[in-house]
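Chain residues, written in single-letter form:
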Amino acid sequence: MAGARIRRSVLAVFLGWASAIVVTLPIVLVRMLGNRDGGLQPLTASLCWGAAVWLAWTLPIAGLGWLCGMLPAALLLREEWLLSNQKRTIWLSAALGWTAVLVEFKVWRLVYPDTGLGVYLFTLYSLLLVILATVATAVYMSLTSHPPTAKGRLT
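Quick notes on the rules
Residues numbered from 1 in each chain as written. Predicted model: local features only at pLDDT ≥ 70, side-chain atom pairs only at ≥ 80, totals over all residues. Heavy atoms only, no water. Helix = DSSP H or I, 4+ residues; strand = E, 2+ residues; numbered from the N terminus. Buried < 20%, exposed > 50% of the residue type's maximum accessible area, 1.4 Å probe, protein only. Contact = heavy atoms within 4.5 Å. Expected span 1.5 Å × (residues − 1). Bend = angle between axes of the 7 residues up to and from the residue. 1 Å grid on protein atoms, 1.4 Å probe; cavity = no way out; pocket = protein on both sides within 12 Å on 5 of 7 lines; lining within 4 Å. Points joined across faces, edges and corners; volume = space filled by probe spheres on them. Nonpolar A, V, L, I, M, F, W, Y, C, P; charged D, E, K, R; others polar. Axes fitted to C-alpha atoms, helices over the stretch in contact; angles between N-to-C directions. Parallel < 35°, antiparallel > 145°, perpendicular 65-115°, else oblique. Left-handed = near helix turned anticlockwise from the far one by under 90°. Phe/Tyr/Trp six-rings, centres within 6.5 Å; stacked < 30°, edge-to-face > 60°.

(A) Structural context of the side chain of Ser126. Relative to the elements of secondary structure, Ser126 occurs in helix α5 (residues 119–145). Classification of Ser126 as buried rests on a relative accessible area of 11%. In this structure, Ser126 is in contact with Trp98 and Val101, ignoring residues within four places of it in sequence.

Quick look at the structure:
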């Protein structure tokens with residue numbers, strides 16, 4: 001039973017990460033286009049490397065989200081409770097994802113003078129973590145409510 005929950009949670013976080021990448025990668029690439037220097041070949045190389053770095057950077061973030069958020073929730077919360085409180089659970093996961101961004105950017109320091117907030121990075125990471133958390137939660141609940149049948153499975 002716990003093995004199935006772990007597999008569902010890994011799949012859910014991977015799909016949440018992929019969804020967040022679909023939304024955030026174009027934003028990263030547009031930013032890189034604005035910082036371009038040189039001809040087409042350096043631009044192409046820069047875009048490829050930028051995409052690779054963004055993917056490599058965000059995958060451990062998703063893994064940390066799985067380890068600290070999704071895995072404990074999948075193992076500790078009753079599936080019946082999750083399914084009976086779907087809207088509340090999705091809103092809570094979005095709030096927790098955004099709370100992680102607020103803590104990372106130390107937004108409480110904005111009350112100090114001469115403290116600026118990098119709006120671009122704040123927006124980018126807010127999108128990344130909120131989409132990751134909400135899609136992962138929705139996918140996990142969908143997989144939980146419609147478990148695969150044993151029909152056609154190899155044992």
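(B) Highlighting helix α2 (residues 40–76). Under the 1.5 Å per step criterion, the end-to-end length of α2 is 52 Å for 37 residues, consistent within 8% with the ideal 54 Å. Residue Trp66 marks the point of greatest curvature in α2, where the axis turns by about 40 degrees. Along α2, the residues that are buried comprise Leu43, Gly50, Ala51, Trp54, Thr58, Ala62, Met70, Leu71 and Ala74. The inward-facing, buried residues of α2 contact α1 (2–34) and α5.

(C) Broad picture of the layout of surface pockets. Computed from the structure, the largest pocket encloses a volume of approximately 870 Å³. Elements that contribute at least two residues to the lining of the largest pocket include exactly α2, α3 (79–84), α4 (86–104) and α5. If you tally residues by element for the lining of the largest pocket, the top one is α2, at 10 residues. Each residue belonging to the lining of the largest pocket can be placed in one class, and the counts come to 24 nonpolar, 6 polar and 1 charged.

(D) Structural view of the packing of α1 against α2. Between α1 and α2, the least distance of the axes is 8 Å, while the angle of their chain directions is 150 degrees. Considered as vectors, α1 and α2 are oriented roughly antiparallel to each other. The chirality of how α1 crosses α2 is right-handed. Its residues placed into classes, the contact of α1 with α2 shows 24 nonpolar, 5 polar and 1 charged.

(E) Molecular detail of the packing of α2 against α5. Closest axis-to-axis distance for the α2/α5 pair is 11 Å, and the angle between their directions is 45 degrees. The angle between α2 and α5 places the two elements in the oblique class. Between α2 and α5 lies a crossing whose hand is right-handed. Contacts between α2 and α5 involve Trp54, Trp57, Thr58, Ile61, Ala62, Met70 and Ala74 from the first element and Leu124, Tyr125, Leu128, Leu129, Leu132, Ala136, Thr137 and Tyr140 from the second. Here the contact of α2 with α5 is built from residues that sort into 13 nonpolar, 2 polar and no charged.

(F) Highlighting the packing of aromatic side chains. If you walk through the whole model with that rule in mind, you get 5 aromatic pairs. Ring plane angle 40 degrees and centroid distance 5.8 Å describe the contact between Phe14 and Trp17, whose orientation is recorded as tilted. Of the two residues, Phe14 and Trp17 both sit in helix α1, 3 residues apart, roughly one turn of that helix. When its relative accessible area of 13% is taken as the criterion, Trp17 is described as buried. Taking 6.1 Å as the distance between ring centres and 55 degrees as the angle between the ring planes, the aromatic pair formed by Phe105 and Tyr125 counts as tilted. Taken together, the residues Phe105 in the loop between α4 and α5 and Tyr125 in helix α5 connect sequence positions 20 residues apart.

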